[in-house]
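Each chain, written out:
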Amino acid sequence: MYKQGIDKIGYPELEKNILKFWKENSVFEKSVESRPKEKPFTFYEGPPTANGKPGIHHVISRTLKDLICRYKTMKGFRVERKAGWDTHGLPVEIEVEKALGIKSKSEIPQYGVEKYNKACRDSVFKYLDLWNEMTERMGYWIDLDSAYVTLTNDYIESVWWALKTLFDKGLIYKDYKIVPQDPKSETVLSSHELALGYRETKDPSVYVLFKIANKDEYFLVWTTTPWTLISNVALAVGADVNYVKVINKEKKIILAKDLLSVLDEEYKIIEEMKGSELEGIDYEQLLPYVKTNKKSFFVCLGDFVSTEDGSGIVHIAPAFGADDYELSKKYDLPMLQPVDRGGKFTDEVIDFKGQFVKDADKEIIIKLKKEDRLYKKETIVHTYPFCWRHPDVPVIYYARESWFIKTTSVAQKMVELNKSIKWQPPEVGTGRFGNWLEENKDWALSRDRFWATPLPIWINDDWEMFAVGSIEELKQGFIEENGKRIPVGEAENIDLHKPFVDKVLFEKDGKIYKRTPELIDVWFDSGSMPFAQYHYPFENKEWFEKNAFPADFISEGIDQTRGWFYTLHAIASMLFDNVAFKNIIVNELILDKKGLKMSKAKGNTVDPFVLFEKYGADAARWYLVVNSPPWRPTLFDEDGLVEVQRKFFGTLLNTYSFFALYAGIDGFKYEEEQIALEKREEIDRWIISKLNSLIAEYESMMDDYNVTKAARAVSEFTIDYLSNWYVRRCRRRFWKSEMNENKLSAYQTLYECIDTICKLTAPFTPFIAEEVYQNLNTVTKKESFISVHLADFPVKGKIDRELELKMDTAQNIVYLARALRAKSNLKVRQPLKKLMVVVSEDKKDAVLNMKDVILEEVNIKSLEILENESSLLNKTAKPNFKNIGPKFGKIVKLIADRISRLSIEEISEIEKENNLTFNLNGDEISISHDDVEIISKEVTGLLVESEGGTTVAIDTELSDELIAEGLAREFVNRIQNMRKDAGYEVTDKIKVVYSGTNKLADAIKIFSNYISAETLAEQLEYSERLNGGVVRDWKIGEHNCKIQIEKIST
RNA sequence: UCUACGGAAGCUUAACUGGUCUAAGCAUUCGUCUGAUAAGCGAAAGACAGUUGGUUCGAGUCCAACCCGUAGGACCA
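Residues numbered from 1 in each chain as written. Chains lettered and ligands numbered in written order. Predicted model: local features only at pLDDT ≥ 70, side-chain atom pairs only at ≥ 80, totals over all residues. Heavy atoms only, no water.

Chemist: Please provide a residue-by-residue account of the domain arrangement of chain A, values included.
Modeler: Domains assigned within chain A are domain 1 (96-123), domain 2 (171-185 + 402-522), domain 3 (198-394), domain 4 (636-798), domain 5 (873-938) and domain 6 (960-1047). Taking the mean C-alpha position of each, domain 2 and domain 3 sit 36 Å from one another. Between domain 2 and domain 3, the residue contacts involve nine residues of the former and 18 residues of the latter. The junction of domain 2 with domain 3 conceals about 1000 Å² of combined surface from both sides, 59% of it contributed by carbon and sulfur atoms. Considering only the surface of domain 2 that becomes buried against domain 3, Y176, I178 and P183 emerge as the three largest contributors, covering 55% of it. Where domain 2 packs against domain 3, one counts zero salt bridges. (Domains from an automatic or database assignment. Contact = heavy atoms within 4.5 Å. Buried area = accessible area lost by both parts, 1.4 Å probe. Salt bridge = Lys/Arg side-chain N within 4 Å of Asp/Glu carboxyl O.)

Chemist: Quick rundown of the packing of helix α23 (residues 638-666) against helix α27 (residues 766-780)? Include the residues and the values.
Modeler: Direction vectors running N to C along α23 and α27 enclose 5°, while the axes themselves pass 11 Å from each other. On the basis of the axis angle, α23 is roughly parallel to α27. The residues of α27 that touch α23, namely those facing F649, L652, L653, Y656 and F659, are I768, V772, N775 and L776. Across the contact of α23 with α27, the residue classes break down as eight nonpolar, one polar and no charged. (Axes fitted to C-alpha atoms, helices over the stretch in contact; angles between N-to-C directions. Helix = DSSP H or I, 4+ residues; strand = E, 2+ residues; numbered from the N terminus. Parallel < 35°, antiparallel > 145°, perpendicular 65-115°, else oblique. Nonpolar A, V, L, I, M, F, W, Y, C, P; charged D, E, K, R; others polar.)

Chemist: Describe in detail a nonpolar patch on the surface, supporting the description with residues and values.
Modeler: Among the surface-exposed residues, L661, I665 and V986 lie close enough to one another that they form a single nonpolar patch of about 220 Å² accessible area. Structurally, L661 is set in helix α23. (Patch = residues over 30% accessible without salt bridge, like charges linked within 9 Å, V, L, I, M, F, W, Y side chains within 5 Å. Areas by Shrake-Rupley, 256 points an atom, 1.4 Å probe, with all protein chains shown as cover.)

Chemist: Outline the pattern of salt bridges, listing residues and values.
Modeler: Summed over the entire model, instances satisfying the criterion amount to 52 salt bridges. Between R62 and E45 there is a salt bridge, with its nearest N and O atoms 3.1 Å apart. Note that R62 is positioned in helix α3 (residues 56-74) and E45 in the loop between α2 (27-33) and α3, a separation of 17 residues in sequence. In this pair, the class of R62 matches that of E45, namely buried. (Buried < 20%, exposed > 50% of the residue type's maximum accessible area, 1.4 Å probe, protein only.)

Chemist: Give me the nonpolar core: which residues, what numbers.
Modeler: Note on soluble globular proteins: their nonpolar side chains tend to be buried together. Counting residues in each nonpolar core, the largest one holds 151 residues, and the members touching the most others are Y2, F659, Y726, F764 and L835. The element contributing the most residues to this core is helix α25 (residues 707-735), with 13 residues. Per-domain counts for this core show at least three residues from each of domain 1 (96-123) and domain 4 (636-798). Apart from the residues within four sequence positions on either side, F659 is in contact with Y2, G664, F668, Y747, L750, Y751, I754 and L776. Membership of the second largest hydrophobic core comes to 72 residues, among which are V410, A467, L496 and Y534. (Core = buried A, V, L, I, M, F, W, Y, C linked by side-chain atoms within 4.5 Å.)

Chemist: Go over the packing of aromatic side chains, please, and point to the residues and values.
Modeler: Overall, the coordinates contain 62 aromatic pairs when judged by the stated rule. Ring geometry for W443 against Y566: centres 6.1 Å apart, planes inclined by 55°, an arrangement best described as tilted. Linking W443 in strand β16 (residues 443-444) with Y566 in helix α20 (residues 561-576), this pair joins segments that are 123 residues apart in sequence. Y566 matches W443 in its accessibility class, with the two residues each being buried. Among the aromatic residues, ring-to-ring pairing joins Y2, F658, F659, Y662, F668, Y670, F734, Y747 and Y751 into one connected group. Note that K508 overlies the ring of F466, its terminal NZ or CZ placed 3.5 Å from the centroid. In this structure, K690 packs its charged tip against the face of Y721, placed 4.2 Å from the ring centre. (Phe/Tyr/Trp six-rings, centres within 6.5 Å; stacked < 30°, edge-to-face > 60°. Lys NZ or Arg CZ within 6 Å of the ring centre and 35° of its normal.)

Chemist: Give a detailed account of the environment of E277, specifying residues and quantitative values.
Modeler: Topologically, E277 is positioned in helix α10 (residues 275-278). Along the sequence, E277 and I6 sit 271 residues apart, while their C-alpha atoms lie 87 Å from each other.

Chemist: Give a detailed account of unusual backbone geometry, specifying residues and quantitative values.
Modeler: Omega for the bond connecting K498 with P499 falls within 30 degrees of zero, at -5°, which places this linkage in the cis form. The residue P499 is located in the loop between β21 (484-487) and α16 (500-503) in this model. The step from F549 to P550 runs through a cis peptide bond, and the omega angle for that step is -10°. Mapped onto the elements, P550 comes out in the loop between α19 (541-547) and β25 (551-557). One non-glycine residue, D332, lies in positive phi territory at about 55°.

Chemist: Give a detailed account of the packing of helix α13 (residues 411-418) against helix α14 (residues 426-438), specifying residues and quantitative values.
Modeler: In the contact formed by α13 and α14, the axes pass within 9 Å of each other and the chain directions differ by 165°. Considered as vectors, α13 and α14 are oriented roughly antiparallel to each other. The chirality of how α13 crosses α14 is right-handed. Residues A411, M414, V415 and N418 of α13 touch α14, and the partners they reach there are G429, F433, G434, L437 and E438. Classifying every residue of the contact of α13 with α14 gives five nonpolar, three polar and one charged. (Left-handed = near helix turned anticlockwise from the far one by under 90°.)

Chemist: Would you mind going over helix α35 (residues 998-1006) in detail, with residue names and values included?
Modeler: Given 3.6 residues per turn, any residue in an α-helix points the same way as the ones three and four places further on. Of the positions making up α35, those classed as buried are L1000, A1001, A1003 and I1004. End-on view of α35: buried residues confined to an arc of 160°, all on one side of the axis. Structural note: α35 exposes N998, K1005 and I1006 on the side pointing more than 90 degrees away from its buried face. Residues of α35 that are buried make contact with α34 (960-982), β37 (990-996), α36 (1008-1015), β38 (1017-1022), β39 (1030-1036) and β40 (1039-1047). (Arc of directions from axis to C-beta.)

Structure, rendered in structure tokens:
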């Protein structure tokens, strides 16, 4: 029989049972295998790093991924889902350094790269168990056993294949680039890391004099980094900027005219010129520590020069600034870099060698002052980036040689391809991602670290190079050991990592090739996952090309825009001339309830495990999707979660419980023939039509990847239509009569609704959907699936718009009538004589049709439709702007005003003739029925309520009989309450004894049959002597009474 | 400085292609229904829709400028 009381078990417990069921029956595997191979829906999992703990933000993206995949499965697609792990890169190294107590990069070779990388390898799965546990617990179906792992030889080999392909296409090159770097760890900082470290700091702000060659004149130059002056090779001015030569402090000084205010003391302008006139002027090297080998120390033109601050003359040190470097290429300037990667001056700078550059600032200034080259020195407070891991260490911009991928050469193609991707929300695709592509810069590929995929490029002394694209090719190389060459093919363990690959040498045409020492950006790893996860092209070649590329769907957080989304897109564009993914849902951050970012420091993080334990995974999944669209920053609020859980889950489970209760009593197992829709009650046809509308809307939303709207539609149907109207309206059908066709059709209808809701919610809340579905299906055996997740998506049936509208009208009238009752203080239990309704012509049928429903809902005896012609009505007209706007344009206001003052006669005319002509300021104006909305107002003093063209009035006059019936109903209500309080079963028969006023007793006598039937009272008698059973005093209106009920044993 | 998103009731959000007292939920007060529901229904109160202009007969909605918030990018000699 149907399982009872599932709403009493806690959700977490329920979910754990379901998890067990899934596992024992391999439901996930079956859900994949039961779908045809020829109908794939391709999904890519973005690999997380398992050396950090999973958080709530992982729950949201995994919910999205899971629900789309489950939905597509139900739609008949085969959705292979391979998990993946990102295992390389700096995040891993940082953790390991911490654990090993390594403080700077240079300590690593001493420690031993082999040992170090082993430690990295061991640490990458530090939290794997936790991740797996979360994945499983939240019901995220993905194949963890066959997960791809970026550190395996197979995976790296595929990445190498990609790199070689790009190399052979000429897309990989080596160049200098000015990069922000952390001098302490000697690592390049990504822009993301850089952004973490900006803060206010004090720096020297110095004005320096550069002496013009062979003249006693000076350029005034401003800088906040005096240490870069040593590496100065040129000065830059703006071509169109106005400059002046002034006499100031007895010196001839050149600076921008707009910045004269920086000068101390009086000055006299002796000459004006454009920046372009200054180009080419030579000057003397300021701090001649380093010799140059190219033409240097002259004035250049730079479009980046501004007169915002400084002097309008910018000092150029190509190794330490991006603008500077660009300019140096243009003017073929030398690059002076007397600073090592640790940010210390090299030996050439004899006075400051070994000093950290920032620390040398002071002494450099003193030196300049001694040489009379310091114009003035101030201190400036500005924001400057510091290393986020070492808060006291300023970032140094530093020229480094790096490998690049020439993504700019495919930028246009990437932009084009992007246009075919469906982004949800669209603005991320066009905006953030689109802009990024438009402003594409070459991809800085190399990293000077230890734990990552090695760059497979081998170089000889003559700078000839080639790329290795497979293990097979690597085997052509050899390793030297004790002076002997051992072919790589004979090596014991080929490990495509440092230090092994660095030992491999090649000899070609007598030249020895050695691997360039760099590793690659980890993002290249994850961006290669479409093919590398299948070890393409070494294995699965056909499968990949046919079934696994590009992805139909991916979903991750917005932070991946310039990360994974970009690398996937770039690599696919370059290698396959195609997109990597066709549809994408981007989720935003999850903030705490106040809208603040969650962080460990603030202590406002939400532990997913705690959440699952407290409310269950379904609740978290549902809340994150329903509460606000996932691509909007979501404020996470536990109270909100509780609310959606109570509302939606509570209602769904309760609707099921209701069904289970009565279906159990009646032994309904859906064994009977299905009753044809036409033979069912109108309300049955109505809810089925609503259900079909829901399926249609759900499908279109889901196919549009608008998951929030789909979920909300399900929620609305379940709560408002099914529970609060259908079930409530139909309760009697379930518990009153004997089994007959009417009752059967109620059962079948409700069953179908719940069954379908299970299937629609299954992608979102897989546990509860499973529970309810199984409870239904194991009894009825209607479907052969052991799990809702193996079931097919429901087939949409006929939608009866007309019927839906009819019911809307009826509901509308009911709400209005209830409002009237509330206003006049007439409880619904008090029956009333007459309900009068005025509706537009097209709704009259609907009202007559729904008469019984309406009357029963509002407990009124009769319904009368007042004809428009009735003298009871006072009508007014309202302008319908949608129509008259386009029709009358500018004079619409006048017309509207006139319409609202139409007389009753005029309104009748327009109703009859569908046309009315009147004079307005001399113009003949003609309006039709469509141009106005006619509202009726009762004038006979009855209560009236109206909305949207429907007007309702009730006759509040009470006859003795109506009052008696009202009392009887109240009496029933009290007995029912007592039954419930006493804990009687709904089928228990009882005996009722009561006492009270004469009037009440009379009413009870008149309606004794009704009362007995409603309360299952076998006996109903008046007596002053009450004893036994349950006794209680009541007050019904002004009538006191005593009621005693007692269960009759059968 | 650029780009995107957001700014509405105490809070969270909704409103298709512009249509005239902006809607719902939560919270508050009062009332009410119930033989499924920790539910439902009704009433009261609560928003000058960030600001200022513009287009239009009509703007929460379209356009422009600005302010505030969030995220991202550029720059910081």
